[in-house]
There are 2 protein chains.
Amino acid sequence: MDAKTFDAKTLLDSLFDNGILFETGVDGLYGRSGAFEEVIERFEKLVTRLGAPDKATRIHFPPGMSRATLEKSGYMKSFPQLAGCVHSFMGGEREHASLLNMMATGEDWTELQKATNVALTPAACYPLYPTVAARGPVPAEGVLFELSSYCFRHEPSQDPARMQLFRMREFVKIGTAEQVSAFRESWLTRGKAMIESLQLPCDVDLANDPFFGRGGKMMANNQRDQGLKFELLIPVTSIEKPTACLSFNYHQDHFGQTWGLKFADGELCHSACVGFGLERVALALFRHHGPDIEAWPAGVRAVLWGE
Amino acid sequence: MDAKTFDAKTLLDSLFDNGILFETGVDGLYGRSGAFEEVIERFEKLVTRLGAPDKATRIHFPPGMSRATLEKSGYMKSFPQLAGCVHSFMGGEREHASLLNMMATGEDWTELQKATNVALTPAACYPLYPTVAARGPVPAEGVLFELSSYCFRHEPSQDPARMQLFRMREFVKIGTAEQVSAFRESWLTRGKAMIESLQLPCDVDLANDPFFGRGGKMMANNQRDQGLKFELLIPVTSIEKPTACLSFNYHQDHFGQTWGLKFADGELCHSACVGFGLERVALALFRHHGPDIEAWPAGVRAVLWGE
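Our subject in this report is the structure included herewith. This one's a predicted model, so the numbers in the text were calculated from it and none came from an experiment.

1. Focus: the overall build of chain A
Helix and strand counts for chain A come out as 11 helices and 12 strands. Its C-alpha radius of gyration of 21 Å places chain A within 12% of the 19 Å reference for a compact globule of 307 residues. Each of the 307 residues in chain A was classed as buried or not, and the buried ones make up 57%. Taking contacts inside chain A between residues at least 6 apart in sequence as the whole, the part at least 24 apart equals 70%. The average position of the 31 basic charges and that of the 38 acidic charges among the side chains of chain A differ by 3 Å.

2. Comments concerning the side chain of Glu37(A)
Secondary-structure assignment places Glu37(A) in helix α2 (residues 34-51). Not counting the four nearest positions on each side in its chain, Glu37(A) is found in contact with Arg32(A), Arg167(A), Arg58(B) and His60(B).

3. Regarding helix α7 (residues 177-197) of chain B
Residues and elements named next belong to chain B. Between its first and last C-alpha, α7 extends 30 Å over 21 residues, near the 30 Å set by a 1.5 Å rise per residue. Every buried residue of α7 is accounted for by Val180, Phe183, Arg184, Trp187, Leu188, Gly191, Met194 and Ile195. For α7, the angular spread of buried residues about the axis comes to 150°, placing them on one side. Exposed residues lying more than 90 degrees from the buried face of α7 are Glu178 and Thr189. Of the residues trailing α7, Gln199 is marked for its positive phi of about 55°.

4. Some words on the sheet that holds strand β6 (residues 113-120) of chain A
Taking strand neighbours across the sheet as the criterion, the six strands line up as β4(A)-β6(A)-β5(A)-β5(B)-β6(B)-β4(B) in an open arrangement whose pairing is antiparallel. Looking at strand neighbours, the two that pair on one side only are β4 (64-66) of chain A together with β4 (64-66) of chain B, the edges of this open sheet. Here the strands of the sheet are splayed against their neighbours by 55° on average, with no regard to which way each runs. In terms of strand pairing, strand β5 (residues 85-89) of chain B meets strand β6 (residues 113-120) of chain B through four bridges, oriented antiparallel. Residue pairing across strands places Ser88(B) opposite Lys114(B), the latter belonging to β6(B).

5. Topic: the sheet that holds strand β3 (residues 57-60) of chain A
Taken in spatial order, the nine strands make up an open sheet running β9(A)-β10(A)-β11(A)-β12(A)-β8(A)-β7(A)-β3(A)-β2(B)-β1(B), and their pairing is mixed. For this open sheet the edge positions go to β9 (203-206) of chain A together with β1 (21-23) of chain B, each flanked by a neighbour on one side alone. The mean inter-strand angle of the sheet, taken between neighbouring strand axes irrespective of direction, is 25°. As paired strands, β9(A) and strand β10 (residues 229-234) of chain A are joined by four bridges and run antiparallel to one another. The residue of β10(A) that forms the bridge with Asp205(A) is Glu231(A).

6. Here's the deal with the relation of the copies chain A and chain B
Between the two copies, chain A and chain B, the superposition gives an RMSD of 0.0 Å; the rotation angle is 180° and the shift along the axis is 0.0 Å. Taken together, the rotation angle and the small translation identify this as a two-fold axis. Among all residues of chain A, the minimum C-alpha distance to the rotation axis is found for Val86(A), at 2.4 Å. Looking at chain A, 100% of its interface residues are interface residues in chain B too, so the copies touch through the same face.

7. Observations regarding the interface of chain A and chain B
With 64 residues of chain A in contact, the opposing surface of chain B contributes 64 residues. Each partner contributes to the roughly 5,300 Å² buried at the junction of chain A and chain B, and carbon and sulfur atoms together form 64% of this total. A per-residue breakdown of the area chain A buries against chain B is headed by Arg58(A), His60(A) and Glu93(A), which together make up 12% of the total. Where chain A meets chain B, there are four salt bridges. Notably, a salt bridge pairs Arg214(A) with Glu93(B), separated by 3.3 Å at the nearest N-O pair. Counting the contacts that link chain A with chain B gives 23 residue pairs in polar contact (both at pLDDT 80 or more). A per-element tally of the side of chain A that touches chain B places β6(A) first, with six residues. Tallied by class, residues from the side of chain A that touches chain B come to 27 nonpolar, 23 polar and 14 charged.

8. Quick word on the packing of helix α2 (residues 34-51) of chain B against helix α10 (residues 278-289) of chain B
Residue and element names in this part refer to chain B. At a minimum axis distance of 9 Å, the contact between α2 and α10 shows a crossing angle of 115°. One element, α2, and the other, α10, form an angle in the roughly perpendicular class. α2 and α10 meet at a crossing whose hand is right-handed. Contact residues: Ala35, Phe36, Val39, Ile40, Phe43 and Glu44 in α2; Leu278, Glu279, Val281, Ala282, Leu283, Leu285 and Phe286 in α10. Residues that form the contact of α2 with α10 fall into these classes: 11 nonpolar, no polar and two charged.

9. Structural notes on empty space enclosed by the protein
One pass over the full model with this rule turns up two cavities of 30 Å³ or more. Lining of the largest cavity is provided by Glu23(A), Thr24(A), Met65(B), Ser66(B), Thr69(B), Pro127(B), Pro130(B) and Thr131(B). Looking at side-chain class alone, the lining of the largest cavity contains three nonpolar, four polar and one charged residues. By volume, the second largest cavity is sized at about 30 Å³. Forming the walls of the second largest cavity are His87(A), Glu111(A), Gln113(A), His87(B), Thr110(B), Glu111(B) and Gln113(B). Here the lining of the second largest cavity is composed, by residue class, of no nonpolar, five polar and two charged.

10. A word on the pattern of salt bridges
What the rule picks out here adds up to 26 salt bridges over all chains. With a shortest N-O distance of 2.9 Å, Glu279(A) and Arg32(A) are connected by a salt bridge. One end of the pair, Glu279(A), is in helix α10 (residues 278-289); the other, Arg32(A), is in strand β2 (residues 30-33), and 247 residues separate them in sequence. Residue classification places Arg32(A) among the buried residues on the basis of a relative accessible area of 0%. A salt bridge links Lys9(B) to Asp13(B); its shortest N-O distance comes to 3.0 Å.

11. Things to note about the state of the cysteines
Scanning all chains against the criterion turns up zero disulfides over all chains. Unpaired in this structure, Cys125(B) has its nearest cysteine sulfur neighbour in Cys273(B), at a distance of 4.5 Å.

12. Quick notes on helix α5 (residues 93-104) of chain B
The terminal C-alpha atoms of α5(B), which comprises 12 residues, lie 16 Å apart, in line with the 16 Å expected from a rise of 1.5 Å per residue. All buried positions along α5(B) are accounted for by His96(B), Leu99(B) and Met102(B). The buried residues of α5(B) occupy an angular sector of 125° when the element is viewed end-on, so they sit on one face. Turned more than 90 degrees from where α5(B) packs its buried face, Arg94(B) and Ala104(B) sit exposed. The secondary structure elements touched by the buried residues of α5(B) are α4 (75-78) of chain A together with β5 of chain B. Directly beyond the C-terminal end of α5(B), a positive phi value near 75° is found at Gly106(B).

Calculation criteria
Residues numbered from 1 in each chain as written. Chains lettered and ligands numbered in written order. Predicted model: local features only at pLDDT ≥ 70, side-chain atom pairs only at ≥ 80, totals over all residues. Heavy atoms only, no water. Helix = DSSP H or I, 4+ residues; strand = E, 2+ residues; numbered from the N terminus. Rg over C-alpha atoms; globule rule 2.2 N^0.38 Å. Buried < 20%, exposed > 50% of the residue type's maximum accessible area, 1.4 Å probe, protein only. Contact = heavy atoms within 4.5 Å. Lys, Arg positive; Asp, Glu negative; His and termini not counted. Charge placed at Lys NZ, Arg CZ, Asp CG, Glu CD. Expected span 1.5 Å × (residues − 1). Arc of directions from axis to C-beta. Pairing = 2+ DSSP bridges. Axes fitted to C-alpha atoms, helices over the stretch in contact; angles between N-to-C directions. Least-squares fit on C-alpha atoms with pLDDT ≥ 70 in both. Buried area = accessible area lost by both parts, 1.4 Å probe. Salt bridge = Lys/Arg side-chain N within 4 Å of Asp/Glu carboxyl O. Polar contact = N/O pair within 3.5 Å; in protein donor to acceptor, adjacent residues only side chain to side chain. Nonpolar A, V, L, I, M, F, W, Y, C, P; charged D, E, K, R; others polar. Parallel < 35°, antiparallel > 145°, perpendicular 65-115°, else oblique. Left-handed = near helix turned anticlockwise from the far one by under 90°. 1 Å grid on protein atoms, 1.4 Å probe; cavity = no way out; pocket = protein on both sides within 12 Å on 5 of 7 lines; lining within 4 Å. Points joined across faces, edges and corners; volume = space filled by probe spheres on them. Disulfide = S-S within 2.5 Å.

In structure tokens form, the structure reads like this:
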């Protein structure tokens with residue numbers, strides 16, 4: 001991993017050569033080495049430590065969520081190209097014989113499957129909102145969660161920082177506009193300090209989500225104009241186009257409206273989240289500090305392994 | 001969680017009531033509490049500690065794998081009903097308008113999606129075999145891996161021990177018939193001792209996989225006759241039908257043949273794996289020791305939290 005070489009394919013090949021990632025035959029799906037996993041585990045502990053004073057409620061969600069929930073959230077409207085739904089074979093012996101026959105002759109057998117109730121989780125917080133709504137009114141001081149989940153986005157790429165399946169850790173605050181803005185502000189500061197403590201170059205910048213189609217351009221512009229999304233960017237595979245490793249999102253009352261999240265007095269809740277792309281942070285660390293975690297700078301090791 | 005009540009639905013409801021699992025609206029998909037996650041983390045560390053003397057190579061695989069690899073492995077022949085493939089929307093603006101229209105009118109829009117190259121991983125070892133094959137001949141002493149992965153099986157159920165998405169840890173040995181048999185024997189002993197150290201009642205018994213259809217009955221009988229599969233069973237939701245929490249599988253040269261896994265002299269490799277169902281072990285612990293992990297027996301806490 002030469003410090004001057006920044007292109008995606010070169011980095012991916014060096015990760016394969018160093019046994020940090022393992023090929024699976026599909027772009028964006030890779031096995032991770034023990035060292036890679038150790039870095040992710042230590043970074044997760046760091047995030048939890050930094051968030052500990054806020055006493056968030058921790059929930060881990062599986063990589064799949066209710067498809068009905070994903071539909072209701074509006075995801076298929078904004079990001080249909082990134083979503084994944086799980087289809088399964090539900091036939092009997094006769095249909096199974098057809099399936100095997102089609103597979104043997106190289107025909108497309110996948111249409112023999114039907115959609116299940118499971119969609120892949122696109123971001124750790126999507127399954128949270130209905131969970132909170134089911135509990136009744138949100139207390140006046142708001143609620144705070146620390147989430148983790150594997151997430152899926154259908155965007156096959158040879159950029160190792162753009163995996164199809166990756167892990168996200170998130171803090172989510174649900175409360176008044178003021179409460180969730182203060183929460184986001186505090187993480188804009190804490191997140192940048194955390195990444196700097198890992199001796200990684202970074203910048204925080206205004207950003208937008210990859211909304212689908214022509215109408216999406218307007219949504220992206222609105223999002224920028226209103227300052228709803230910021231990203232913490234680290235050069236991983238390009239200096240000109242650094243990689244978003246953390247994101248800080250203010251949803252206004254979008255999820256409040258969608259899921260009926262209200263205070264006891266009936267006022268709608270706002271929400272905000274800060275997301276940590278775990279694979280991206282790990283890749284940034286390997287990119288800047290080298291393939292051998294034992295040889296990373298002492299200061300970085302102290303932050304990650306210190307407790 | 002009354003010690004006398006063993007049925008699945010009662011246990012599931014008590015897990016919801018105690019905030020250990022969270023409903024998502026789909027049977028077999030649940031959020032996990034911080035305490036549940038801590039138990040899983042500690043149990044994983046225990047497994048890694050027990051396996052440490054064998055110096056396995058650790059690889060973590062994502063919840064999705066190459067669909068082509070799953071097809072070639074024979075999974076769709078034996079377990080088509082359990083498999084899941086990821087389908088995504090790949091259309092343009094016009095198709096997207098149709099999708100939104102169908103969704104608004106309650107029509108089935110899922111057929112607008114197409115199969116991606118991603119299938120959900122059904123067991124942690126499926127992505128491993130082609131990875132090993134790509135490295136060339138297997139050394140004479142064999143190879144040993146410690147794997148982890150989220151796994152999917154399409155079998156919606158209100159039995160909390162039968163989740164659709166769950167985590168599996170696995171040791172996989174690839175070598176001669178003698179090497180992989182010795183590996184499996186050693187884990188039959190170590191696995192039982194480990195579960196007993198957690199003060200859980202258990203038995204090891206001959207077992208078979210849920211092969212599909214009428215032909216599957218014969219395959220299941222063959223598997224039993226040849227002693228290819230053992231399971232470590234713990235009563236979780238039933239005393240009569242205890243839950244398989246660990247499994248010990250000898251594949252003969254099935255994966256060796258499928259993936260061309262050979263020694264330098266051209267002889268085919270055999271393989272065996274021991275799998276740990278992490279959610280199932282955690283559920284067994286909550287079931288037998290109660291909802292409050294701080295109140296678990298001191299001996300159990302010492303084993304899990306001791307290091």
